[in-house]
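Tertiary structure, described
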Amino acid sequence: MRKDIHPDYHTINIRMTDGSSFTTRSTWGKEGDTLTLEIDPLSHPAWTGGPQKLIAGGKLERFYRRYNKQGSSQSS
């Protein structure tokens, strides 16, 4: 490898949303820094199977309103 062109690869601490933490290697921050996650596999609906936010008035809803089609997600 060429010298002085690669980022510093060092150990950092990762803190999950439940308070647990682990050590890994990264180019983020400085040696020993702690990265606190706001969203992780313990809290995100994509991993937990919890409710997901649906955008009201999305493209399909606008289509139904525009063309007054049956099958709209909202009853008129």
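Quick note: structure is the one above.
What comes next concerns the included structure. Counting restarts for each chain, with residues numbered from 1 along the sequence as it is written. Totals for whole chains, interfaces and linings use all residues, but because this is a predicted model, local features are given only for residues with pLDDT of at least 70 and pairs of side-chain atoms are given and counted only at 80 or more. Each side-chain value is worked out from all heavy atoms of the structure, with water and hydrogens disregarded.

**Overview of the overall build of the chain**
Note the following rule: Secondary structure elements follow DSSP: runs of H or I of four or more residues count as helices, runs of E of two or more count as strands, with numbering from the N terminus. Under the scheme applied here, a residue whose accessible area is under 20% of the maximum for its type counts as buried, over 50% as exposed, and between as partly exposed, the area being computed with a 1.4 Å probe on protein chains only. Here, residues are in contact when the closest pair of their heavy atoms is within 4.5 Å. Surface accessibility follows the Shrake-Rupley procedure with a 1.4 Å probe radius. Residue values consider only the protein chains on display as shielding.
A tally of helices and strands in the chain yields two helices and three strands. For the chain, the sequential pattern of α-helices and β-strands runs β-β-β-α-α. Expressed as a percentage of its 76 residues, the buried residues of the chain come to 12%. Long-range contacts, defined here as pairs at least 24 residues apart, represent 8% of the contacts in the chain between residues at least 6 apart. Just so you have it, the chain exposes about 6900 Å², and 51% of that area is on carbon and sulfur atoms.

**Structural notes on the side chain of H10**
Selection rule: Polar contacts, as used here, are pairs of N or O atoms within 3.5 Å; protein pairs need one atom able to donate a hydrogen and one able to accept it. Residues neighboring in sequence count only if both atoms are side-chain atoms.
Here H10 shows up in strand β1 (residues 10-15). A polar side-chain atom of H10 sits 3.1 Å from the main-chain carbonyl oxygen of G29.

**Some thoughts on the sheet that holds strand β2 (residues 21-26)**
This is how the line gets drawn: For two strands to count as paired, DSSP must find a minimum of two bridges between them. Only the contacting stretch of a helix is used when fitting its axis, a line to C-alpha atoms as for every element, and angles between N-to-C directions run 0 to 180 degrees.
One open sheet holds the three strands; their spatial order is β2-β1-β3, and the pairing between them is mixed. Taken across any chain shown, the strands that pair with only one partner, and hence form the sheet edges, are β2 and β3 (34-36). Between one strand and the next, the sheet's axes are offset by a mean angle of 35°, whatever the strand orientation. Where β1 and β3 come together, three bridges link them in parallel fashion. Each residue of the ladder has a partner; that of I14, found in β3, is L35.

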